[in-house]
Amino acid sequence: MNHAPTRRLGTSDLEVSPLNLGGNVFGWTADRATSFAILDAFRAGGGNFVDTADSYSAWAEGHTGGESEHVIGAWLADRGHDDMVIATKVSQHPDFRGLSASNVKAAAEASLGRLRLETIDLYYAHFDDADTPLAESAEAFSALVDEGKVRYVGLSNHRPDRIREWLALCDQSGWHRPVCVQPQYNLVERGIENDLVPLAQSENLSLLPYFGLARGFLTGKYRPGAANDSSPRAGRARAYLDDPRGPRVLAVLDEIAAERSAQLSTVALAWLVERPGVTSVLSSARDLEQLAGLLALNDLRLTAEETARLDEASA
């Protein structure tokens, strides 16, 4: 087994792999057997960090939410889970919307049941909830830690000012602080570098970016003049071609990938995983071929010169 060098997650005692495997596809575009094969290969490749949410995949016809957690839970029960770090989220499941105290507690218990776990390693507030006082949400998450149902708290899709407020409330009241933030961040989406990155660094919050491949754009499969792809994210991915940076970034990725005999996706994630504040990068694979390009991240480190070329192209 190849053991990737792990990294400490924020101020927690969790040690996680550089690749955070996204579970959004499990029970959706990857059936149970394929999902098990992906999870087996991820673990065999040195990965230990799996990310899901209670709402995955409620958007699909005939699905109600919780499908991903059910698949992961069945895999954990079958394969054992002592070496795995499991993250899930609350606020978007059709039956558990928002971040009220009662909802956070009920959703966590439902997730524990689907995942077949006694404790969730990392529990995220998936999206901010303007209708619930932040103090109510922060206290509810902290209470789950005290009850032993959750080990650590994370925030996803929260603005920097709301993150600051959450942290301040925890410090004032002695509640358990979040240890990480999950934002959108990649070579063509670098807006967080102005505000969220400095905040994360000053508060010892790990950044765990999602859409690290810009909805598939940074895999190189979307090119000017190429045939349209029918996948759910194709339209938004192709929009990056209309941004001058999009084709510019692809050109440099092509060069570095050729020089290093690597996939474009591996190079794009290698750039991201070494950004200031970033601990692990989130990406999903719906088959073993896609996973191979992601796992290659464990062995590819860009040179300063390669990083500078990508910085310039994406600026």
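- The chain carries the name Aldo/keto reductase in an unreviewed UniProt entry, which gives Nocardiopsis exhalans as its organism.

1. Section: the overall build of the chain
Here comes step 1: A count of helical and extended segments in the chain gives 11 helices and 12 strands.
Here comes step 2: Its C-alpha atoms give the chain a radius of gyration of 19 Å, near enough to 20 Å, the size a compact globule of 315 residues would have.
Here comes step 3: Put simply, the chain has 315 residues, and 57% of those count as buried.
Here comes step 4: Sequence separation of at least 24 residues holds for 75% of the intrachain contacts in the chain that already meet a minimum separation of 6.
Here comes step 5: Accessible surface computed for the chain: about 12,700 Å², of which carbon and sulfur atoms make up 48%.
Here comes step 6: Side chains of the chain carry 30 positive and 44 negative charges; the gap between the two charge centres is 3 Å.

2. Some thoughts on the sheet that holds strand β9 (residues 150–156)
Here comes step 1: In spatial order, the strands read β11-β10-β9-β8-β5-β4-β3-β12; together these eight strands make up an open sheet with parallel pairing. A strand with exactly one partner marks an edge of an open sheet, and here the two such strands are β11 (206–207) and β12 (281–283).
Here comes step 2: Pairing of strand β4 (residues 49–51) with strand β5 (residues 85–90), which is carried by three bridges, proceeds in the parallel orientation. Note on β5: the bridge partner recorded for Val 50 is Ile 86.
Here comes step 3: Packing of helix α5 (residues 160–173) onto the sheet brings it into contact with β8 (120–125), β9 and β10 (178–182), and relative to β10 it is tilted by some 170°.

3. Here we look at the pattern of salt bridges
Here comes step 1: With the rule as written, the count across this model stands at 28 salt bridges.
Here comes step 2: Between Arg 159 and Asp 161 there is a salt bridge, and its shortest N-O distance comes to 2.8 Å.
Here comes step 3: A salt bridge links Glu 165 to Arg 162; the nearest nitrogen and oxygen atoms lie 3.9 Å apart. Of this pair, Glu 165 and Arg 162 both sit in helix α5, three residues apart, roughly one helical turn.
Here comes step 4: Linked through salt bridges whose partners overlap, the residues forming this network are Lys 105, Glu 109, Glu 147 and Lys 149.

4. Focus: helix α1 (residues 32–44)
Here comes step 1: If you check α1, its first and last C-alpha atoms are 18 Å apart, about what 13 residues at 1.5 Å a residue would give, namely 18 Å.
Here comes step 2: What α1 keeps buried is the set Ser 35, Phe 36, Ile 38, Leu 39, Phe 42 and Arg 43. Buried residues of α1, seen end-on, are gathered within an arc of 160° and therefore sit on one face of the element.
Here comes step 3: Those residues of α1 that are buried lie in contact with β3 (19–22), β4, α2 (67–79) and α10 (288–295).
Here comes step 4: One or two residues past the end of α1 sits Gly 46, with phi positive at roughly 100°.

5. Digging into the packing of helix α8 (residues 245–260) against helix α9 (residues 264–273)
Here comes step 1: Two elements in contact, α8 and α9, have axes whose closest approach is 9 Å; the angle formed by their N-to-C orientations is 105°. If you check the angle between α8 and α9, you find them roughly perpendicular. Along its contact with α8, which presents Leu 250, Leu 253, Asp 254, Ile 256 and Ala 257, the element α9 presents Leu 264, Val 267 and Ala 268.
Here comes step 2: Split into classes, the residues belonging to the contact of α8 with α9 amount to seven nonpolar, no polar and one charged.

6. Section: the pairing of β5
Here comes step 1: Most of β5 sits inside the fold, with six of its six residues counted as buried.
Here comes step 2: Of the two faces of β5, the one carrying Val 85, Ala 87 and Lys 89 and the one carrying Ile 86, Thr 88 and Val 90 are both buried.
Here comes step 3: Taking the sense of rotation as the criterion, the β-α-β connection linking β4, α2 and β5 turns out right-handed.

7. Brief notes about the state of the cysteines
Here comes step 1: Tallied over the entire structure, the rule returns zero disulfides.
Here comes step 2: Cys 170 takes part in no disulfide bond, and the closest cysteine sulfur, belonging to Cys 180, lies 13 Å away.
Here comes step 3: Among the residues examined, Cys 170 registers a relative accessible area of 1% and is labelled buried.

Conventions we followed
Residues numbered from 1 in each chain as written. Predicted model: local features only at pLDDT ≥ 70, side-chain atom pairs only at ≥ 80, totals over all residues. Heavy atoms only, no water. Helix = DSSP H or I, 4+ residues; strand = E, 2+ residues; numbered from the N terminus. Rg over C-alpha atoms; globule rule 2.2 N^0.38 Å. Buried < 20%, exposed > 50% of the residue type's maximum accessible area, 1.4 Å probe, protein only. Contact = heavy atoms within 4.5 Å. Areas by Shrake-Rupley, 256 points an atom, 1.4 Å probe, with all protein chains shown as cover. Lys, Arg positive; Asp, Glu negative; His and termini not counted. Charge placed at Lys NZ, Arg CZ, Asp CG, Glu CD. Pairing = 2+ DSSP bridges. Axes fitted to C-alpha atoms, helices over the stretch in contact; angles between N-to-C directions. Salt bridge = Lys/Arg side-chain N within 4 Å of Asp/Glu carboxyl O. Expected span 1.5 Å × (residues − 1). Arc of directions from axis to C-beta. Parallel < 35°, antiparallel > 145°, perpendicular 65-115°, else oblique. Nonpolar A, V, L, I, M, F, W, Y, C, P; charged D, E, K, R; others polar. Right-handed = clockwise from strand over helix to strand, strands pointing away. Disulfide = S-S within 2.5 Å.

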